[in-house]
Amino acid sequence: MSANKPRIETLDSLRGAAVLGILLLNIVSFSLPRAYSDPSIYGGAEGWNLAAFAVTHLFFEGTMRGLFSLLFGASILLLSGYWQGANQSSQTGDLYYRRMLWLFIFGLVHAWGLLWFGDVLYWYALAGMFAYPMRVLRARWLMIIGLALLATLVPRTADKVQDTINTQQTVQIATQKERQNQALTQTEQEALAHWEDIQRWRKPDDAELARQIDALQGNYVSVFSELKPTIIAYQSTIVYQGGLFDALGMMLIGMALFKTGVLTAQRSTRFYASLALGGIGIGATVNALELAALIRHDFSLLAVLKWSFLGLYYDVGRVPLTLGYVGLFLWLAKTARLTRVRQALAVCGRMALTLYVSQSALGAFIFYGFGLGWYGQLERAELYLVVAGIWTLQILTAHWWLTRYKFGPLEWLWRSLVYWQPQPMAQQLRYPQQTASHR
C-alpha cells in the first residue's frame, strides 16, 4: 500500500463519472418525498418531469453505484498489491482492515451527521471486509460468486411482490365483509394493518406528504427525527436484506474484470467496442421495457415493485449497462478520444470521497429547513438545474485543489487515519505512460 504507486487514469475517469453521475439519482431523495422510484407521488409525472424520470431510469439507475462497486473491488487488488504478485505481508492486511474500519466510521458520520440515509460508505466498509479474503480466487470464481450474490435479489423481490398481492387480495375480502357488517378474522385484521403500512410508504396520501415536507423544512432536530427510522433501516435490515449482496457482488465482479485486464485497458479496441455496444444495448432495452410497463400501468403499487428500483429485473438491466459504460470509457481511452473530458473526470475521480460526501452536505443545505429549505419546492425536471450547478462547482473545485495538493481533503484524512500520522500533501501525482491503441 505504498503512497508512491502511480495511478491508473482510466479507473480515475470511471470513478469521476460515477461520483458525478450518482447525483442524478440522489438529488431526488434529497429533495422530493417518496418519489425516487415513483414520479406519480410527487414532483410531476408528465412532460419534462416524466422525461427526467425516464432518462435516469433508462441510463443511470443503479449503474453509477455499480461503477463505484466495480472500482472498489479493483482497488482491493491495487491496495494489496496482489495483482502484481507483490509480497503479501501481515501489515498489508492490517492496513487494509484499518482502512475499512475508518470507512465504516465515515459512513456513520455521513448518515447520522449529514443525514444522508442513502449512504453507501457503510455498506462498502462491510462488504470490503468480506471481499478482501476473496482476492486470491481466480477471476472465473470471482465472477460466478459475484453474479450469484446479485441473483439473490430476484427471489427476495418476488417474495415481496407475492406478499403484496396476497395482502391486497385479503384486504379486498376484508373490506367487503366490513361493508356487510361481518366480523373479521385475525388474519384479515392483520392484513388491513399491513396494507396501511404498505400504502403509507409506497403510496402516501396528501396528508402524509405534507407532514414529511413540513418535518424536513424544519430545524436540524426536526429533520433528524424524521429521517432517523430510514437511516436505521438502511444501516440494518436493508443492508442484510440486499445492500451487502449488491455491494459485495459487484466488488467481486470488479476484481474479476481487473484480473482479466478489462479494467486496465489490456484488451483490444474491438473488445471494448463490443462490450460497450452489447452492454448498453442489452441494459437499455431491459430498462426501456420496464419503463414502458410502469407507464402502461400508471405507476401502480405492484408495477413499481416489479419494474422500478430493485424490481424483479433490476440487475438484468443495470449490470449489462454498467459493463457497457466500462467498455465505452475504455474504448475512448484506447482510441484517445474525448481526452480533455476524461482528464477532467479523472481529477474528480481522485477526489471521489470528498465529492460524494460534499454532495450530501450541499443537498442538506439546499433542501432541508436548517439551510435554504427547498425540500418539496421544485419539480423533478427543475432539480437537474441544481445538479448542473453542483457539478460545475465540484469540477472547478477539484481542479483547483488538485493543482495544489496530492489528495482531496477527505482522502487525506482517511489515509492519515489509516497510517495514524499526517500524510504529505505536496507530492506530485504520477500516471504511467499510456498510448492509444487501435488493435
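Above this text sits the structure in question.
Read on for a plain summary of the structure. (Residues numbered from 1 in each chain as written. Predicted model: local features only at pLDDT ≥ 70, side-chain atom pairs only at ≥ 80, totals over all residues. Heavy atoms only, no water.)

**Some words on the packing of helix α4 (residues 63-80) against helix α12 (residues 237-259)**
For the pair α4 and α12, interaxial distance at closest approach is 7 Å and the crossing angle is 55 degrees. Considered as vectors, α4 and α12 are oriented oblique to each other. Of the two possible hands of crossing, α4 and α12 adopt the one that is right-handed. When α4 is examined against α12, the residues Arg65, Gly66, Ser69, Leu70, Phe72, Gly73, Ala74, Ile76, Leu77 and Leu78 are found in contact with a partner set consisting of Asp246, Ala247, Met250, Met251, Ile253, Gly254, Met255, Leu257, Phe258 and Lys259. Across the contact of α4 with α12, the residue classes tally to 13 nonpolar, four polar and three charged. (Axes fitted to C-alpha atoms, helices over the stretch in contact; angles between N-to-C directions. Helix = DSSP H or I, 4+ residues; strand = E, 2+ residues; numbered from the N terminus. Parallel < 35°, antiparallel > 145°, perpendicular 65-115°, else oblique. Left-handed = near helix turned anticlockwise from the far one by under 90°. Contact = heavy atoms within 4.5 Å. Nonpolar A, V, L, I, M, F, W, Y, C, P; charged D, E, K, R; others polar.)

**Side note on the nonpolar core**
Counting 102 residues, the largest nonpolar core has Ile27, Tyr124 and Phe367 as the members making the most contacts within it. Here Ile27 is in contact with Phe367, Leu383, Tyr384, Val386 and Val387, once residues within four sequence places are set aside. (Core = buried A, V, L, I, M, F, W, Y, C linked by side-chain atoms within 4.5 Å. Buried < 20%, exposed > 50% of the residue type's maximum accessible area, 1.4 Å probe, protein only.)

**Overview of the environment of Glu379**
Looking at the element boundaries, Glu379 is found in the loop between α17 (352-367) and α18 (383-402). Expressed as a C-alpha distance, the spacing of Glu379 and Ile105, which sit 274 residues apart in the sequence, is 34 Å. Leave out the neighbours within four places in its chain, and Glu379 touches Gly43 and Asn49. Of the polar contacts made by the side chain of Glu379, one reaches the side chain of Asn49; its length is 2.9 Å. (Polar contact = N/O pair within 3.5 Å; in protein donor to acceptor, adjacent residues only side chain to side chain.)

**Some points on the packing of aromatic side chains**
Applying the stated rule across the entire model yields 23 aromatic pairs. Ring centres 5.6 Å apart and planes at 80 degrees place the aromatic pair Phe53 and Phe299 in the edge-to-face group. With Phe53 in helix α3 (residues 47-59) and Phe299 in the loop between α13 (269-296) and α14 (301-307), the pair connects residues that are 246 residues apart, well separated along the chain. Like Phe299, Phe53 is buried. (Phe/Tyr/Trp six-rings, centres within 6.5 Å; stacked < 30°, edge-to-face > 60°.)

**Here we look at the environment of Tyr384**
Tracing the backbone through its elements, the reader meets Tyr384 in helix α18. Taking the C-alpha atoms as reference points, Tyr384 and Trp141, 243 residues apart in sequence, are found 40 Å from one another. Looking at Tyr384, its side chain comes within polar contact range of the main-chain oxygen of Leu24, at 2.9 Å.

**Comments concerning unusual backbone geometry**
In this structure, Asn181 takes a positive phi of about 55 degrees despite not being glycine. One can find Asn181 in the loop between α8 (153-179) and α9 (186-202). The backbone phi angle of Phe299 is positive, close to 55 degrees, even though this residue is not glycine. Here Phe299 falls in the buried class, since its relative accessible area comes to 5%.

**Things to note about a nonpolar patch on the surface**
A contiguous nonpolar patch, built from Phe365, Leu372 and Trp374 and spanning about 310 Å² of accessible area, is present on the exposed surface. Inspection of the secondary structure puts Trp374 in the loop between α17 and α18. Taking relative accessible area as the criterion, Trp374 reaches 38% and is therefore assigned partly exposed. (Patch = residues over 30% accessible without salt bridge, like charges linked within 9 Å, V, L, I, M, F, W, Y side chains within 5 Å. Areas by Shrake-Rupley, 256 points an atom, 1.4 Å probe, with all protein chains shown as cover. Salt bridge = Lys/Arg side-chain N within 4 Å of Asp/Glu carboxyl O.)

**Side note on α3**
With 13 residues, α3 ought to run about 18 Å at 1.5 Å a step, and its terminal C-alpha atoms sit 18 Å apart, in line with that. Of the residues making up α3, those classed as buried are Asn49, Ala52, Phe53, Ala54, Thr56, His57 and Leu58. Tucked inside the fold, the buried residues of α3 contact α2 (23-31), α13, α14, α15 (314-334) and α18. (Expected span 1.5 Å × (residues − 1).)

**Side note on the pattern of salt bridges**
Enumeration over the complete set of coordinates arrives at 11 salt bridges. A salt bridge links Glu208 to Arg34, with the shortest nitrogen-to-oxygen separation between them at 3.4 Å. Separated by 174 residues along the polypeptide, Glu208 in helix α10 (residues 206-216) and Arg34 in the loop between α2 and α3 bring together distant segments of the chain. As far as the burial class goes, Glu208 and Arg34 line up, both buried. Note that Asp38 is salt-bridged to Lys203, the shortest N-O span being 2.6 Å. Of this pair, Asp38 sits in the loop between α2 and α3 while Lys203 sits in the loop between α9 and α10, and the two are 165 residues apart along the sequence. One network of salt bridges, with partners in common, ties together Arg34, Glu208, Arg211 and Glu226.

**Notes on the side chain of Thr354**
Checked against the element boundaries, Thr354 lands in helix α17. Its relative accessible area of 12% is what places Thr354 among the buried residues. At 3.0 Å, the side chain of Thr354 forms a polar contact with the backbone nitrogen of Leu410. Apart from residues lying up to four places away in sequence, Thr354 is in contact with Gly408, Pro409, Leu410 and Glu411.

**A few points about the packing of helix α1 (residues 9-21) against α4**
Relative to each other, α1 and α4 sit at 145 degrees, their axes nearing to 9 Å. Viewed along their axes, α1 and α4 form a crossing whose handedness is left-handed. Contact with α1, carried on its side by Leu11, Leu14, Arg15, Ala17, Ala18, Val19 and Gly21, involves Met64, Leu67, Phe68, Leu71 and Leu78 of α4 and no other residues of that element. When its residues are assigned to classes, the contact of α1 with α4 shows 10 nonpolar, one polar and one charged.

**Thoughts on α10**
Buried within α10 are the following residues: Glu208, Leu209, Gln212, Ile213, Ala215 and Leu216. Each buried residue of α10 sits inside an arc of 160 degrees when the element is viewed along its axis, so together they form one side. Summarising the geometry of α10, the exposed residues directed more than 90 degrees from the buried face are Asp206, Ala207 and Asp214. Residues of α10 that are buried make contact with α9, α11 (220-234) and α17. (Arc of directions from axis to C-beta.)

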